[in-house]
Structures are given as C-alpha cells and as structure tokens.
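# Coordinates in review
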Amino acid sequence: MTAAEVLAAYAPAAALSPDLPKRGRVHFRQDFTSLFEGEPLFMAPMAGVSDAAYRLMARAGGAALAYSEMVSCAGLHYGEKSWELVDPDPAEPDIAVQLFGSKPELFRESAERVTARLGDRLALIDINMACPVPKVTKKGEGSALLESPSLAADIVRACREGAPDVPVTVKIRRGRYMGQEVAPELARAMEDAGAAAVAVHGRFATQMYHGQADWGVIDRVADAVSVPVIASGDILSHDAARRVLAETGATAAMVARGTYGNPWVFSGHEATAAEKIAAFECHVRLLEATGAHLKRARSLAGWYFKGMPDAARWRNAAMSCVTAEEFLAVAAEVRAAVCS
Ligand SMILES: Cc1cc2nc3c(=O)[nH]c(=O)nc-3n(C[C@H](O)[C@H](O)[C@H](O)COP(=O)(O)O)c2cc1C
C-alpha cells in the first residue's frame with residue numbers, strides 16, 4: 001500500500017482527513033504570506049520523531065505545514081543517509097526542511113541541493129539556531145549561533161544565495177544562557193540578512209525543555225521585526241494554540257510535544273477512544289508504507305493509548321512488537337477491551 005492508499009483506507013475512521021492540501025512552492029516574494037492566513041498551526045521539527053509518517057498524520061489532522069527533523073549540512077555534504085530525512089513521501093503536499101550546521105558554504109550547498117531535489121514540494125528552508133544539545137552546540141551549531149549573530153546572518157545570506165526562490169526562515173530560542181535574552185535583537189539581524197520568518201521557542205537553551213516557555217518574548221520579537229513570527233513552546237493543546245495567536249504578536253504557532261498521540265491538536269477535535277485506536281492503526285500502516293522502522297510504533301502506542309483503561313498493559317504489549325501485524329493485533333485487543 002502507498003501512503004496515500006493508507007490514508008484513504010484508515011484516516012476517516014480516525015476522524016482525520018485523507019485529502020491533504022495541495023500547494024505549490026511558496027515563492028519568497030509571491031505567496032509566502034498565504035502560508036500564514038487564518039490561524040496557521042504547524043507541526044514543529046522533532047529529531048527522531050518527525051518522519052514522513054508523523055508528518056502525514058499531522059497534515060491529515062489539519063497542520064498547515066510540517067517540518068523535517070533537523071538535518072546536518074555536513075551530513076548532506078558527505079553522505080547519502082541524511083538525504084532520507086529530507087525526502088518527503090509522495091503523499092506529502094510539501095515540506096519545510098530544517099538544516100543545521102555552522103559553515104555558511106555548507107548551508108549554501110545544502111540549500112541549493114535540497115531545492116534542486118525537492119522542487120515545488122519544498123515550502124521553505126529553516127535554519128536551526130535553537131538546538132541545546134551539547135553534541136551540537138560544541139561545534140558552534142544550533143543554539144550556539146544565538147551567540148554569533150554575524151555568523152548566523154552569514155548563514156541566512158548563504159541559504160538565500162543557494163536557494164534564491166525559496167523562503168529561508170530561522171528558528172531561535174530566547175537566548176543561549178538563562179536570563180540573557182537575545183531573541184529580539186537577533187531576530188532583527190536575521191530579518192536584515194533576508195529571513196522570511198522567525199520561529200521563537202520561549203526558553204533559554206540552557207533550560208533545555210524544563211521550566212515554562214515565556215510567550216512574552218514572542219511579543220518582543222514581533223515588535224522587533226516585520227516578518228511573520230512563529231510561536232513555539234508549551235503549545236500543548238488546540239486551546240493553547242488559539243491563545244498564543246490571540247494573545248501575542250505571533251502570526252503562526254508551532255506544536256511539538258502536543259502532537260504526541262494527538263494529530264487532532266491542529267483542528268481541536270476531541271478524539272474518542274475508538275478514533276485514537278484507529279489513528280494508531282493508520283500511523284502503523286504509514287510507517288510501513290514510508291519504509292520507516294516499525295520500532296517507532298512502540299512509543300506511538302504509549303502516546304495514542306495514554307489515558308485509556310489498562311494503558312500501561314497496552315504500552316508494555318507494544319514494547320515486544322516488531323512487525324506491523326503485531327502492533328495491529330495489540331490495537332485490536334485494545335479495541336475489544338475499551339470499545340466493547
Ligand atoms: C523530541 C524532540 C525533538 C526536537 N527536535 C527538534 C529539531 O530537530 N529542531 C528544532 O528546531 N527543534 C526541535 N525540538 C524543539 C521543538 O521543535 C519545540 O520548539 C519545543 O519542543 C517546544 O515546543 P513544545 O512545548 O510544543 O514541545 C525538538 C523537541 C522535541 C521534544
């Protein structure tokens with residue numbers, strides 16, 4: 001089965017849409033703004049999570065855009081493996097590709113090659129200036145760039161040179177070190193260098209994912225720039241997404257952890273237990289159709305079955321599954337126990 005066939009067969013029972021929006025490339029000066037019409041909710045980049053199956057579930061749930069996970073420019077330069085993270089499934093209408101690195105020339109090359117490879121299906125190229133993981137920051141990549149505004153600007157310019165027709169955006173945090181907010185100033189410098197939008201995660205890098213995200217910084221960034229601002233951080237429900245759009249200067253909101261087991265977060269639909277089980281089945285079939293490792297369905301089971309009676313038992317049962325059929329057998333057991 002192709003991913004499109006899986007969606008046609010499985011999405012309706014999960015209250016998800018099998019018909020994904022079709023959109024050509026969002027040209028930098030032409031209709032980039034159309035991406036921000038209404039109350040746009042995007043699926044955030046998530047390393048180890050946001051593969052093609054995950055993005056398809058989010059789009060079927062109503063996400064206006066879905067990101068790849070962060071992809072290393074050096075990885076794209078030196079090998080083939082990283083390209084697997086960039087390539088969308090044929091069923092995906094388009095994709096936002098997030099790049100990370102610290103060398104402008106590698107960003108220029110990656111932007112050019114990603115554009116040539118994805119053509120009209122590339123919605124935008126995003127530059128990761130937010131990742132707090134030491135393995136990344138010690139090489140001057142991710143959130144380390146928050147401390148190097150002139151290098152960060154060179155990187156934006158390099159991507160614009162490599163992909164002149166494609167919107168180039170940046171994803172930043174409040175700042176690198178606790179209490180040292182650089183986001184508004186940095187965002188302005190990135191706009192000056194040619195960034196078409198700025199996504200802001202309202203935590204300092206040293207906070208990792210702890211503490212509460214500060215939505216105030218979204219306003220401060222929105223005051224500093226004239227390009228769209230995409231809010232990120234603790235947008236864990238549809239209500240929270242609507243609130244961040246209503247209460248701050250954000251033009252769009254990005255959901256990361258709130259998508260776990262909840263592709264309906266984008267529409268606000270309150271899924272029933274039967275729909276959650278159907279969504280798990282759809283997701284498992286999408287993993288299979290997109291050639292992903294089925295082991296990924298183990299954490300998905302925990303997320304989709306959360307809150308159901310005997311959830312721990314179903315999660316444990318999924319931990320020993322290997323094939324799609326084994327995962328679907330657990331789903332059938334959950335259905336018999338929960339929906340009878
Ligand atoms: C498992 C995981 C992986 C992530 N990977 C990335 C990534 O590759 N690139 C990125 O910019 N942010 C990444 N993030 C950060 C999210 O995109 C988002 O900014 C952050 O989780 C705050 O949003 P939330 O409160 O909705 O989770 C990741 C977050 C999580 C939980």
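Further up the page is the structure itself.
Here's what I pulled together on the structure shown here.

Scoring rules and cut-offs
Along each chain, numbering runs from 1 in the same order as the chain's sequence is written. Under the rules for a predicted model, residues below a pLDDT of 70 receive no local features and side-chain atom pairs below 80 are neither given nor counted, while totals for whole chains, interfaces and linings still include all residues. Throughout this description, the term nonpolar core refers to a group of buried Ala, Val, Leu, Ile, Met, Phe, Trp, Tyr and Cys residues whose C-beta atoms join them within 7 Å. With C-beta atoms placed from the backbone, a residue is buried if 20 or more other C-beta atoms are within 10 Å of its own, exposed if 12 or fewer are, and partly exposed between those counts. Secondary structure counts use DSSP, requiring at least four H or I residues in a row for a helix and at least two E residues in a row for a strand, with both numbered from the N terminus. For the domains described, the bounds stem from an automatic or database domain assignment. A pair of residues counts as a contact when their C-beta atoms, built from backbone coordinates, are separated by no more than 7 Å. All axes are obtained by fitting lines to C-alpha atoms, using only the stretch in contact for helices, and the reported angles, taken between N-to-C directions, cover 0 to 180 degrees. Reported orientations rely on four angle classes, namely roughly parallel under 35 degrees, roughly antiparallel over 145, roughly perpendicular from 65 to 115, and oblique for the rest. Take the far helix as the reference: if the near one is turned anticlockwise from it by less than a right angle, the crossing is left-handed, and if turned clockwise, right-handed. Only Asp, Glu, Lys and Arg are considered charged, only Ala, Val, Leu, Ile, Met, Phe, Trp, Tyr, Cys and Pro nonpolar, and every remaining residue, Gly among them, polar. The pairing criterion is simple: DSSP has to find at least two bridges between the two strands. When the strands point away from the viewer and the connection leading from the first strand across the helix to the second strand turns clockwise, the crossover is called right-handed. The C-beta atom of each residue is placed using the backbone, and any residue whose C-beta lies within 6 Å of a molecule or strand is treated as near it. Working rule for helices: expected span equals 1.5 Å times residues minus one.

Another point: the nonpolar core. Core analysis: the largest hydrophobic core is formed by 123 residues, its most contacted members being F42, V156, V198, A231 and A253. Considering each element in turn, this core owes the most residues, nine residues, to helix 11 (residues 273-289). Residue-level mapping places this core at the junction of two domains, with at least three residues from each of domain 1 (18-266) and domain 2 (273-338). The residues touching A253, leaving out its near neighbours within four places in the chain, are L41, I230, A231, I235, A241, V244 and L245.

The next thing to look at is the packing of helix 12 (residues 296-305) against helix 13 (residues 311-319). Contact geometry for helix 12 and helix 13: axes closest at 8 Å, N-to-C directions at 170°. When the interaxial angle is binned, helix 12 and helix 13 end up roughly antiparallel. Crossing of helix 12 over helix 13 shows right-handed handedness. Counted together, A297, R298, A301, G302 and F305 of helix 12 and A311, W314, R315, A318 and M319 of helix 13 form the full contact between these two elements. Here the residues of the contact of helix 12 with helix 13 are counted per class, giving seven nonpolar, one polar and two charged.

In summary, the side chains of a regular strand alternate between the two faces of the sheet. Of the two faces of strand 7 (residues 229-232), both are covered, the one formed by V229 and A231 as well as the one formed by I230 and S232. When strand 6 (residues 197-204) meets strand 7, the two strands line up parallel, connected through four bridges. Within strand 7, the residue paired with A199 across the bridge is I230. Handedness of the strand 6-helix 9 (residues 216-224)-strand 7 crossover: right-handed. Where strand 7 lies against strand 8 (residues 252-255), three bridges are found, and the strand directions are parallel. Across the sheet, residue I230 finds its bridge partner in strand 8, namely A252. For the handedness criterion, the β-α-β arrangement of strand 7, helix 10 (residues 238-247) and strand 8 is classed as right-handed.

Looking now at the pairing of strand 2 (residues 65-72). Most of strand 2 sits out of view: eight of its eight residues are buried. Bridge count for strand 1 (residues 41-43) against strand 2 is two bridges, and the pairing is parallel. Counted as the bridge partner of M43 is A66 from strand 2. As paired elements, strand 2 and strand 3 (residues 95-100) share four bridges and run parallel to each other. Note that in strand 3 the partner of M70 across the bridge is Q98.

Time to look at the site of the ligand. Neighbouring residues of the ligand: 23 residues in total, closest A44, M46, M70, A256 and R257. Its residues assigned to classes, the shell around the ligand shows twelve nonpolar, seven polar and four charged.

Taking 1.5 Å of rise per residue, 15 residues should cover 21 Å, and helix 5 (residues 104-118) covers 21 Å from first to last C-alpha, within 8% of that figure. Elements in contact with the buried residues of helix 5: helix 3 (73-78), helix 4 (83-86), strand 3, strand 4 (122-129) and helix 7 (149-162). Phi for G119, located one or two positions after helix 5, is positive at around 55°.

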